[in-house]
Amino acid sequence: MLGTDKLPIEETLEDSPQTRSLLGVFEEDAAAISSYCSQLYHAMRRIYDAQNELSAATHLTSKLLKEYEKQRFPLGGDDEVMTSTLQQFSKVIDELSSCHAVLSTQLADAMMFPISQFKERDLKEILTLKEIFQISSNDHDVAINRYSRLSKKRENEKTKFEATEDVYTARKKQHQTMMHYFCALNTIQYKKKIAILEPLLGYMQAQISFFKMGSENLNGQLEEFMSNISTSVQNVRREMDNDVETMQQTIQDMEVASEPLYLPDPDPKKLPVNRNLTRKAGYLNIRNKTGLVSSTWERQYFFTQGGNLMSQARGDVAGGLVMDIDNCSVMAVDSEDRRYCFQITSFDGKKSVILQAESRKDSEEWIATINNISKRIYLTENPEE
Amino acid sequence: MPAVDKLLLEEALLDSPQTRSLLSVFEEDAGTLTEYTNQLLQTMQRVYGAQNEMCLATQQLSSQLLAYEKQNFALGKGDEEVISTLQYFANVVNELNVLHTELAKQLADSMVLPLIQFREKDLTEVSTLKDLFLLASNEHDLSMAKYSRLPKKRENEKLKAEIAKEVAGARRKQHLSSLQYYCALNALQYRKRTAMLDPILGYTQGQIAFLKKGYDMFSKKMDGFLASVSGMIQRIQGELEAEAEAMRITQQELLSGSDAIYTPDYDASSPVINRNLIQKAGYLNMRSKTGLVTTTWERLYFFTQGGNLMCQHRGEVAGGLIQDLDNCSVMAVDCEDRRYCFQITSPNGKSSLILQAEGKREYEEWICAINNISRQIYLSDNPE
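Q: Explain the overall build of chain A here, please?
A: Across its full length, chain A holds 4 helices and 7 strands. The helix and strand sequence of chain A, counted from the amino end, reads α-α-α-β-β-β-β-β-β-β-α. The C-alpha atoms of chain A give a radius of gyration of 49 Å, which is well past the 21 Å a tight globule of 385 residues would have. Its C-alpha atoms give chain A principal-axis dimensions of about 150 × 60 × 35 Å. Split into buried and exposed, the 385 residues of chain A put 36% on the buried side. Taking contacts inside chain A between residues at least 6 apart in sequence as the whole, the part at least 24 apart equals 62%.

Q: Any chance you could explain the interface of chain A and chain B here in plain terms?
A: For an interface, size is often stated in terms of accessible area lost upon the parts coming together. Counting residues at the interface gives 121 residues for chain A, matched by 116 residues for chain B. If you list the elements that add at least two residues to the side of chain A that touches chain B, you get helix 1 (17-66), helix 2 (80-148), helix 3 (157-258), strand 1 (281-289) and strand 2 (295-305) of chain A. With 48 residues, the top contributor of residues to the side of chain A that touches chain B is helix 3 of chain A. Among the residues making up the side of chain A that touches chain B, the classes are represented as 64 nonpolar, 30 polar and 27 charged.

Q: What should I look at first to understand the domain arrangement of chain B in this one?
A: In terms of domain boundaries, chain B breaks down into domain 1 (9-245) and domain 2 (281-379). Put simply, the middle of domain 1 of chain B and the middle of domain 2 of chain B, counted by C-alpha atoms, are 83 Å apart.

Q: Can you walk me through the sheet that holds strand 7 (residues 352-356) of chain A in this structure?
A: In a beta sheet, neighbouring strands pair by backbone hydrogen bonds and run either parallel or antiparallel. Residues and elements named next belong to chain A. What the 7 strands build is an open sheet, ordered 4-3-2-1-7-6-5; its pairing is antiparallel. Lying at the two open borders of the sheet, with one neighbouring strand each, are strand 4 (320-324) and strand 5 (329-332). Strand-to-strand twist of the sheet, defined as the mean angle between neighbouring strand axes without regard to direction, takes the value 35 degrees. Both strand 1 and strand 2 contribute to a ladder of 9 bridges, which runs antiparallel. The residue of strand 2 that forms the bridge with A281 is F303.

Q: Looking at this model, I keep getting lost on the packing of helix 1 of chain A against helix 2 of chain A. Mind explaining?
A: Geometry of a packed helix pair, given as the angle between the helix axes and the separation of the axes. All names here are of chain A. With their axes 8 Å apart at the nearest point, helix 1 and helix 2 run at an angle of 160 degrees to one another. Relative to helix 2, the element helix 1 lies roughly antiparallel. For helix 1 against helix 2, the interelement crossing comes out left-handed. Classifying every residue of the contact of helix 1 with helix 2 by side-chain character gives 22 nonpolar, 15 polar and 5 charged.

Reading guide: rules and limits
Residues numbered from 1 in each chain as written. Chains lettered and ligands numbered in written order. Predicted model: local features only at pLDDT ≥ 70, side-chain atom pairs only at ≥ 80, totals over all residues. Helix = DSSP H or I, 4+ residues; strand = E, 2+ residues; numbered from the N terminus. Rg over C-alpha atoms; globule rule 2.2 N^0.38 Å. Buried ≥ 20, exposed ≤ 12 C-beta atoms within 10 Å, placed from the backbone. Contact = placed C-beta atoms within 7 Å. Nonpolar A, V, L, I, M, F, W, Y, C, P; charged D, E, K, R; others polar. Domains from an automatic or database assignment. Pairing = 2+ DSSP bridges. Axes fitted to C-alpha atoms, helices over the stretch in contact; angles between N-to-C directions. Parallel < 35°, antiparallel > 145°, perpendicular 65-115°, else oblique. Left-handed = near helix turned anticlockwise from the far one by under 90°.

Pasting the structure below:
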């Protein structure tokens, strides 16, 4: 390096306009350094903040992956492969996150610390010294002004002495602060180079050790795991594609096959009544008395279970007993001018329900089935479904 | 991986409460999945955002380093070395920026995008199908209620047929929409795995590639450079310390001199006067007339330059001519009861200047020096 520019400390006592002028150049330079360093500081601060945010976000990601198994998924709770895969990933991301954390710390120590020290300490010191110097320079001007006006007359020795003393003090103070100020400005010329290079060096070294640590920690162990996962994801996707295709095919087939089933009252000739059933399930309307003459009908799902008739509303998790149909009687009835109604009466005649089926066929099948059950046909060895 | 749970398509037509109950388990699962996906997406977007910010930050730093050259530093001794070092650093930061940018792009493509697609396409599809299914189910309930109330009488066959047809239509719609809904929910059980693993796989792969490239990039060439920078810093530090020490010694020397230098006119009683000066410089007060009877005194820096007397304000860059001293006369004067005043008058007597010195020695030396110059002694061969 070619050395640096210097303010001559020897010139401080004389304090000529030439020296002041040179001082002005150094002050201008210090202001330019200050402004550049403050921009550099912001650029570095931005990197530091981004790095911190990366650390935090990486850490959070790994935490969230660990939480997967704590999610209350009603399905696939026993999916251990998925859970262990995510755990392994979260371990990998944990390591990455700790590399990031180390990088953050190193950036704080080796990049942010020196530059903020320079900004907060050295550059601030210059400003403070500048102010102090200005004040002492003004003080000196005032003192010398008073001294210059001293009278020629011999009288008033005391005033003369005081004014001279004032100049002495002010001049000494100005000399000392100016020397300090010059020293600090000379020092800044070295420090500005260090202040810019040192944090950059720190940044680079931190990055290098980050890459080194990261690639050592992550490379070897992972390749196989990653390719396994990759294959497994592809397999799942293939399985899914197959399954979805099968399902879509099934849907198409069902669409065609179900067409005749949509009509609530199909032609009995096409769909013959099966009178040998010993169990049956399906939606029926049930009549509820709500008053002396008023009643409501409610659509519910009914099914037989052994000798019992059960019903289940749509939101219910399980069915409830409607009545015991062993030895009951069942017959078609007229009710409120509704079609396909039938009544079941318990063997002791104490309880009866009126139900409405969707169609003649359905109604006849329910009646036949309940009859079969009532006669305990379902207990025979070979009941027809 | 174990097989996934499934909703049975065959149960869709009967639509029994048991099937509905199973359906609601799948719906709950989809709900939990949606919530988890949203959290994961948020976190991953945060990672991506931070990565992006890192790109911008490195870019800013790199251009800030290049900007050093263009700063108008008033002093620039030894800057070439700093500039070339900073340029090198800027290049490295730039390469780092390229790596960060690649990583950010990869994170966008293979981490954030798949998850967004999963959310926007698959999860949204499930919730749309759910709405459609509920709508169809309600419609079927309504038309079924209407159908159930049809009278037994033979009359109005046409109405009966119409309503039966309506029920068939509603039932068909419900059946088809539930089939599609079941199918989507079943597929979601597969997607649950791929949708989680895909982005994490992308993330990890991106990171590994990033670390690898970074490692390669730095392992190649940086060691020598960094060592030289570190050497340079140490050298400057050394220079700084030496300089600081030198300055400290100078200060000490300057301060340890006689305190008398601070006192104006300290040697008034027995001044040691050099009468042979042919040049002199220092602060003097100068009298300016501001009106007929009013005057001001101003403290200015005066110095001789050849046969001229120059004066300079503190803020001025250079001095200005105030008086040609050739053949002028100079003498002590009384002025406004101030001490140590002297007057310089031009040869033709037309202009004159009254100045005040700080002390007796100064005052006499100025008069002698100006006298010497006025008599052109400074042109003689052997001036002091």
